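Breakdown of the fold
Residue strings, one per chain:
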Amino acid sequence: MSAVMITRKVRKWEKLPGKNTFCCDGRVMMARQKGVFYLTLFLIVGTCALFFAFECPYLAVHLSPTIPVFAVFLFLFVMAMLLRTSFSDPGVLPRALPEEATFIEMEIEAANGNVPAGQRPPPRIRNVQINNQIVKLKYCYTCKIFRPPRASHCSICDNCVDRFDHHCPWVGNCVGKRNYRYFYLFTLSLSLLTIYIFTFDIVHVVMRSVDKGFLNTLKETPGTVLEVLVCFFTLWSVVGLTGFHTYLISLNQTTNEDIKGSWSGKNRVQNPYSHKNIIKNCCEVLCGPTYPSVLDRRGLMREDLPVSAASVAPAVSSSSSSNPVPQTTKTTAPLIPNEHTPDEAKPSIAASAEKSPSPKEEHPPAPRVPPLASPEADVETSITKGKTH
């Protein structure tokens with residue numbers, strides 16, 4: 001069965017490789033594993049809702065009305081940084097096109113030469129110089145590219161990410177070059193919000209216990225007890241994570257580099273990206289330029305789809321039935337008159353043959369028309385009559 005190629009336009013995010021999910025026509029980009037991210041949203045929104053419902057009314061009257069106002073500001077800032085980190089492109093690098101991958105393979109073969117059978121080929125590495133120091137660029141066998149400095153391949157998202165820090169399941173996305181500052185601001189603001197809620201929960205319990213007693217206060221405000229427990233166990237992890245990333249920012253180092261010991265191994269190689277100044281390192285990471293995405297997720301591309309001719313035929317027939325076109329019937333075996341019939345008589349004979357009714361019709365038979373005589377027959381008849389006379 002023959003196939004017909006149909007070309008249609010699609011968004012590039014629909015054909016991007018990797019294990020990411022896209023929403024809002026490619027504007028939102030996340031990892032596929034989003035269960036822990038929903039848990040993060042539930043814990044933050046739930047704890048703040050309890051705080052606004054039980055503590056804020058009492059504290060606004062007995063202490064200051066600015067307490068719930070500042071809490072709302074912190075909550076909105078935390079949610080904005082969380083969504084900005086989770087829904088953005090962390091710095092995914094596009095994979096090589098087939099032509100580019102073929103060219104890179106030819107370059108590697110030309111540089112390494114033919115490897116004898118049984119021997120392991122040399123590693124695919126390129127050396128570049130950064131701040132008078134040699135940095136190795138490793139080849140990614142999945143993306144078919146030499147990764148830029150500080151880039152790494154995320155096994156969960158199956159993408160190479162520029163300045164890869166780590167994959168954070170709590171935000172449901174990778175943390176890289178384009179969203180690291182938002183991730184750090186999220187952890188920092190969440191630490192402040194947790195400390196803020198935990199502190200005023202204690203203040204609220206103490207103020208109520210003075211008038212009604214400690215046990216009666218706990219019975220009247222069960223939400224406060226739940227908030228204190230959540231904040232107590234969350235406080236250590238969030239504050240510890242913020243302190244760890246503050247240390248990394250001061251050194252201009254990533255989590256991936258710290259785990260691998262890239263700049264603190266046996267060779268004691270100096271970090272070529274550090275400015276040897278804490279303030280300069282923090283300004284570069286937190287106040288540097290915002291890099292655009294190189295994926296062009298919402299760009300258009302053409303896609304050829306093979307469609308069987310049988311599926312196309314009904315569409316063509318339906319279109320032809322909706323717009324009927326008059327058709328002319330041509331006989332494959334036309335009536336051939338006598339070879340002696342003059343040319344002027346041939347159309348009349350063909351017309352009479354077309355108009356003659358079929359034997360199945362119930363109309364009375366038409367009168368039989370005598371055949372036309374040819375000129376040669378008239379000449380022969382006149383000669384015969386002359387001979388008889």
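Bear in mind that the values here come from a model prediction, so they are computed numbers and not experimental data.

This part covers the overall build of the protein chain. Helices and strands together make up the secondary structure of the protein chain, namely eleven helices and eleven strands. Burial analysis of the protein chain (389 residues in total) assigns 33% to the buried set. Put simply, of all contacts in the protein chain between residues at least 6 apart along the chain, 65% involve residues at least 24 apart. As presented, the protein chain carries roughly 25,200 Å² of accessible surface, and 63% of it is formed by carbon and sulfur atoms.

For the rest of this paragraph, the subject is a nonpolar patch on the surface. The grouping of V36, L39, F42, L43 and W170 at the surface amounts to a nonpolar patch, some 480 Å² of accessible area in total. Locating W170 in the fold gives a position in the loop between strand 9 (166–168) and strand 10 (173–175). On the basis of relative accessible area, W170 is assigned to the partly exposed category, the value being 46%.

This prediction gives the protein chain a mean pLDDT of 78; 73% of its residues lie at or above 70. Contacts from residues 325–389, a stretch scored under 50 in pLDDT, to residues over four places away or in other chains number ten contacts.

This part is about the nonpolar core. Counting 35 residues, the largest nonpolar core has I44, F51, F186 and Y196 as its most contacted members. Among the secondary structure elements, those contributing two or more residues to this core are strand 3 (28–31), helix 1 (35–62), helix 2 (66–86), helix 4 (180–212) and helix 6 (222–251). With ten residues, the single largest contributor to this core is helix 4. Ignoring any residue separated from it by four or fewer positions in sequence, one finds F186 in contact with T40, I44, V78, M81, L82 and V171. One finds W13, F22, M29 and L295 within the second-largest nonpolar core, a separate group that totals eleven residues.

Attention now goes to unusual backbone geometry. Positive phi, normally seen in glycine, also occurs at D25, with a value near 55°. Positive phi is not limited to glycine here, since N252 has a value of about 55°. Tracing the backbone shows N252 in the loop between helix 6 and helix 7 (255–260). The class of N252 is buried, set by a relative accessible area of 1%.

Strand order in the open sheet made by the three strands is 4-5-6, with antiparallel pairing throughout. Edge positions in the sheet fall to strand 4 (125–129) and strand 6 (145–146), since each of these pairs with one other strand and no more.

All right, on to the environment of T40 then. Along the chain, T40 falls in helix 1. Note: C-alpha distance between T40 and L82 (42 residues apart in sequence) is 9.4 Å.

Procedures and definitions
Residues numbered from 1 in each chain as written. Predicted model: local features only at pLDDT ≥ 70, side-chain atom pairs only at ≥ 80, totals over all residues. Heavy atoms only, no water. Helix = DSSP H or I, 4+ residues; strand = E, 2+ residues; numbered from the N terminus. Buried < 20%, exposed > 50% of the residue type's maximum accessible area, 1.4 Å probe, protein only. Contact = heavy atoms within 4.5 Å. Areas by Shrake-Rupley, 256 points an atom, 1.4 Å probe, with all protein chains shown as cover. Patch = residues over 30% accessible without salt bridge, like charges linked within 9 Å, V, L, I, M, F, W, Y side chains within 5 Å. Salt bridge = Lys/Arg side-chain N within 4 Å of Asp/Glu carboxyl O. pLDDT = per-residue confidence, 0-100. Core = buried A, V, L, I, M, F, W, Y, C linked by side-chain atoms within 4.5 Å. Pairing = 2+ DSSP bridges.

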